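Listed here are the chains, written in short residue letters.
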Amino acid sequence: MQVGKRIYLKREMPDLKVVKSFAKLPASNVADCMERSNAMNPRIQLMSNPDQEMCGPAFTVHTRAGDNLAIYAALKYCHPGDVVVINDEGDDTRAVIGEVMMTWLRDQRHVAGVVVDGPMRDIDSLQNWKLPIYATGTTPGGPYKEGPGEVNVPVACGNISVYPGDIILGDPDGVISIPRKEAAELLPKAQAFHKKDDAKAAAFSKGTADLAWVDDALKDKGFNVIDDIYRP
Ligand SMILES: O=C([O-])CC(=O)C(=O)O
Ligand SMILES: [Mg+2]
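Basis of the calculations
- In this convention, every chain numbers its residues from 1, walking through the sequence in written order.
- Here chains are named by letter from A upward and ligands by number from 1 upward, in the order in which they appear as written.
- Under the rules for a predicted model, residues below a pLDDT of 70 receive no local features and side-chain atom pairs below 80 are neither given nor counted, while totals for whole chains, interfaces and linings still include all residues.
- For the side-chain quantities, the full set of heavy atoms in the structure was used; hydrogens and water were omitted.
- Segments assigned H or I by DSSP are reported as helices when at least four residues long, segments assigned E as strands when at least two residues long, and all are numbered from the N terminus.
- For the purpose of counting charges, residues Lys and Arg are taken to be positive, whereas Asp and Glu are taken to be negative. His and the chain ends are not included.
- For the purpose of locating charges, the reference atoms are NZ of Lys, CZ of Arg, CG of Asp and CD of Glu.
- Residues belong to a common nonpolar core when they are buried Ala, Val, Leu, Ile, Met, Phe, Trp, Tyr or Cys residues joined through side-chain atoms within 4.5 Å.
- The cut-offs for exposure are 20% and 50% of the maximum accessible area for each residue type, with area from a 1.4 Å probe on protein chains only; residues under the lower value are buried, those over the upper are exposed, and the others partly exposed.
- Here, residues are in contact when the closest pair of their heavy atoms is within 4.5 Å.
- Put simply, a residue is near a molecule or strand once any heavy atom of it comes within 4 Å of that molecule or strand.
- What qualifies as a polar contact is a pair of N or O atoms within 3.5 Å, subject to a donor-acceptor requirement within protein and to the restriction that residues adjacent in sequence count only when both atoms come from side chains.
- Working definition of accessibility: Shrake-Rupley area with a 1.4 Å probe, residue cover restricted to the visible protein chains.
- Following the grouping adopted for this structure description, the nonpolar residues are Ala, Val, Leu, Ile, Met, Phe, Trp, Tyr, Cys and Pro, the charged ones are Asp, Glu, Lys and Arg, and the polar ones are all others, Gly among them.
- UniProt positions are given in the numbering used here, feature names are shortened, and annotations may be inferred rather than shown by experiment.
- For the handedness criterion, the strands are oriented away from the viewer, and a crossover whose path from the first strand over the helix to the second runs clockwise is classed as right-handed.
- Two strands make a pair as long as DSSP finds a minimum of two bridges between them.
- For a helix, the expected span equals 1.5 Å multiplied by the number of residues minus one.

Caption draft 1: Broad picture of the overall build of the protein. Helices and strands together make up the secondary structure of the protein, namely 7 helices and 12 strands. Principal-axis analysis of the C-alpha atoms gives the protein an extent of 65 × 50 × 35 Å. Taking the average location of the 27 positive side-chain charges in the protein and that of its 32 negative ones, the two points are 6 Å from each other.

If you want it as structure tokens, here you go:
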């Protein structure tokens, strides 16, 4: 089989009940429960105007820099509820997707979202869409359609490894990837963390939060609290 031109139609899939449950949690809380890892680089920006979180199994695409033939293959083969995750080899000169392809993904494939580690175009219209769309920016520069590229192989997106079938969760903060095999075990921890985080915000609002630990940490790490002004 020709490496660089493999299009896998099948993936190991996550438990879809688990996927649905993650959709109710902030991406930040879930990432915190993975030792604060697995959050994509902030160059991956929310470009549309969704009214709910993006959550679904990754349908991955590795496309050649500035080329979108492999993304067209994904258009053919992806499924309802998928999040299409695209690695564009770090190119920032050409948009590899725009309104025409997004219209198909929304209306014919009913995907849960699209994440492109590269530029897109037709933002004038797409910025108002409810479909969650993440990309690094926009350019009118268009893509080639030559290949090579691959579908449903491991990809890097926003500096994070994404395997086909990993759970992709996105909200206005950005996007995280949850490893498929660990997702069910992580879910209750993330739900408990989220509850605690809400309670924490309430305690900070009322002034009942206990910040004694800050003094301990500063002392422990050798900080000096100086009752004087800074003099150059
Ligand atoms: O021309 C392309 O392949 C990408 C594009 O603008 C669209 O999907 O609307
Ligand atoms: Mg277009």
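Caption draft 2: Geometry of the nonpolar core. Formed by 26 residues in total, the largest nonpolar core has its most connected members in Ile71, Ile86, Ile97, Met102, Leu105, Val114 and Ile133. The set of elements that each furnish at least two residues to this core consists of strand E2 (54-63), helix H3 (69-77), strand E3 (83-87), helix H4 (99-107), strand E4 (113-117) and strand E6 (133-135). Per element, the largest residue contribution to this core is 5 residues, and it comes from H3. If sequence neighbours within four positions are ignored, Ile71 has contacts with Val61, Thr63, Ile86, Val96, Ile97 and Met101.

Caption draft 3: How the structure looks around the site of ligand 1. Every residue near ligand 1 is listed here: Asn68, Gly98, Glu99, Val100, Met101, Arg121, Asp122, Pro143 and Lys145. Contacts to ligand 1 include Gly98, whose backbone N or O atom sits 3.2 Å from an oxygen atom. Relative to its free-state accessible area of 270 Å², ligand 1 is covered by the protein chains to the extent of 87%. Here the residues of the shell around ligand 1 are counted per class, giving 3 nonpolar, 2 polar and 4 charged.

Caption draft 4: Spotlight on the UniProt feature "binding site: Mg(2+)" (unreviewed entry) in the protein. UniProt marks Asp122 with the feature "binding site: Mg(2+)" (unreviewed entry), using the numbering shown here. Within the element layout of this structure, Asp122 appears in the loop between strand E5 (119-120) and helix H5 (123-126). Since its relative accessible area comes to 34%, Asp122 is described here as partly exposed. Excluding residues that lie within four positions of it along the chain, Asp122 makes contacts with Gly98, Glu99 and Val100. In terms of polar contacts, Asp122 uses its side chain to reach the backbone amide nitrogen of Glu99, at 2.7 Å.

Caption draft 5: Examining the UniProt feature "binding site: substrate" (unreviewed entry) in the protein more closely. Annotation from UniProt places "binding site: substrate" (unreviewed entry) at Gly98, Glu99, Val100, Met101 and Arg121. Across 24 residues of sequence, these annotated residues stay compact in space, with a maximum C-alpha separation of 10.5 Å. One can find Glu99 in helix H4. Setting aside chain neighbours within four positions, we find Glu99 in contact with Arg121, Asp122, Ser125, Leu126 and Trp129. Positionally, Val100 belongs in helix H4.

Caption draft 6: Quick look at the pairing of E3. For E3, the tally of buried residues reaches 5 of 5 residues, placing the bulk of the element in the interior. Here E3 shows two buried faces, one formed by Val83, Val85 and Asn87 and the other by Val84 and Ile86. In this view, the connection linking E2 to its parallel neighbour E3 by way of H3 has right-handed handedness. Bridge analysis of E3 against E4 gives 5 bridges, and the strand direction is parallel. Note on E4: the bridge partner recorded for Val85 is Val115. Read from E3 through H4 to E4, the crossover connection turns out right-handed.

Caption draft 7: Inspection of helix H6 (residues 183-206) at higher detail. Here H6 contains 24 residues, and its C-alpha end-to-end distance of 34 Å stays within 8% of the 34 Å for a straight helix at 1.5 Å per residue. Against the buried residues of H6 lie helix H1 (16-22), helix H2 (27-32), strand E11 (167-171) and strand E12 (174-178). Directly beyond the C-terminal end of H6, a positive phi value near 85° is found at Gly207.

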